[in-house]
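A structural walkthrough
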Amino acid sequence: MSATVAVPSGSEKTIRAILFDKDGTLVDFNRTWFSISCELARRSAAGDDALAKSLLDAGGYDWQAEKFRANSAIAAGTVEDIVALWHPQDTDEQRRARVAEYDVYGVEEGAKQAVAVEALSQTLQTLKAAGFILGIATNDSEAGARATAAALGISDLFSGFIGYDTAARAKPYADPLLHFAAEVGVAPEQVAMVGDNPHDMECARAAKAGLAVGVLTGNSPREVLEPLADIVLPSIADLPDYLAGK
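Residues numbered from 1 in each chain as written. Predicted model: local features only at pLDDT ≥ 70, side-chain atom pairs only at ≥ 80, totals over all residues. Heavy atoms only, no water.

The line we're drawing: UniProt positions are given in the numbering used here, feature names are shortened, and annotations may be inferred rather than shown by experiment.
In the annotation of an unreviewed UniProt entry, the entry for the protein reads phosphoglycolate phosphatase, and the organism field reads Pseudochrobactrum saccharolyticum. In UniProt, the protein has this text filed under Pathway (unreviewed entry): "Organic acid metabolism; glycolate biosynthesis; glycolate from 2-phosphoglycolate: step 1/1."

Let's talk about the packing of aromatic side chains
Each pair of aromatic rings is reported with the distance of its centres and the angle of its planes. Applicable threshold: Only rings of Phe, Tyr and Trp enter the pairing, Trp through its six-membered ring, and a pair is recorded when the two centres are within 6.5 Å. The plane angle decides the type: under 30 degrees is stacked, over 60 is edge-to-face, the rest tilted. Helix and strand labels come from DSSP, where a helix needs a run of H or I of at least four residues and a strand needs a run of E of at least two; each type is numbered from the N terminus. Relative accessibility thresholds used throughout: buried, under 20% of the residue-type maximum; exposed, over 50%; partly exposed, between the two (1.4 Å probe, protein chains only). Charges are assigned to positions over rings by a cutoff of 6 Å between ring centre and Lys NZ or Arg CZ, combined with an angular limit of 35 degrees from the ring normal.
One pass over the full model with this rule turns up 6 aromatic pairs. Note on Phe34 and Tyr61: the rings are 4.8 Å apart at their centroids and 35° apart in plane angle, and the pair reads as tilted. Of the two residues, Phe34 sits in helix α1 (residues 29–44) while Tyr61 sits in strand β4 (residues 61–62), which places them 27 residues apart along the sequence. On the accessibility criterion, Phe34 (27% relative accessible area) is partly exposed. Members of the aromatic cluster, joined through ring pairs, are Phe29, Phe34, Tyr61, Trp63 and Phe68. Residue placement shows Arg43 over the ring face of Tyr105; its charged tip is 4.5 Å from the ring centre. Here Lys53 stacks its cationic end above the ring of Trp63, 5.1 Å away from the centre of that ring.

Here is the structure:
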């Protein structure tokens, strides 16, 4: 099944598959990742609390707003980006070891502490029942995406899991969406990309996706997403009606 969607430009796009960002789109980013990021910063700071706080600030945590900044290293980057930011003097060998350590911790704790956005399972089931092919593209690892989906009981609703370590390059490059489209047998212009950060929309544009949908459940406000997205919705819960033309 597919949906013919009229986008704000006035054109119509036939959508057969939907590729979701994970954190901030399917999962409440701040509630899930704040404590995890704190622990990783503490490890990076060797237990120095003041240094750990400064690392979190550099990584994108806004202490006054009590949330991560849009498109910051922690909110939108990969673990490799975070390690490079926090440990610029590491040798390649040290960096690889630290990335591997943080990846393992992130997979375990990301799944354990995952907080689903409202109506997550119901929304995904509705879209799956309507015939859409669903996938996840995250700048977390592929293992992290699979572990979180399993923990939330939604694994069987997805036909593809793409992490920063799956395709050649992570978002904002086109590679994750192109990888998913090829994997499930649809054209990129038949894919809707759904996410909460500019890099999700930039990935959609780079891949010439059929639809770029911003959601407001993450770290980016409407005014940041609107210039890049075809449509901005409050959350994925609004997606079934939008695709149905309601």
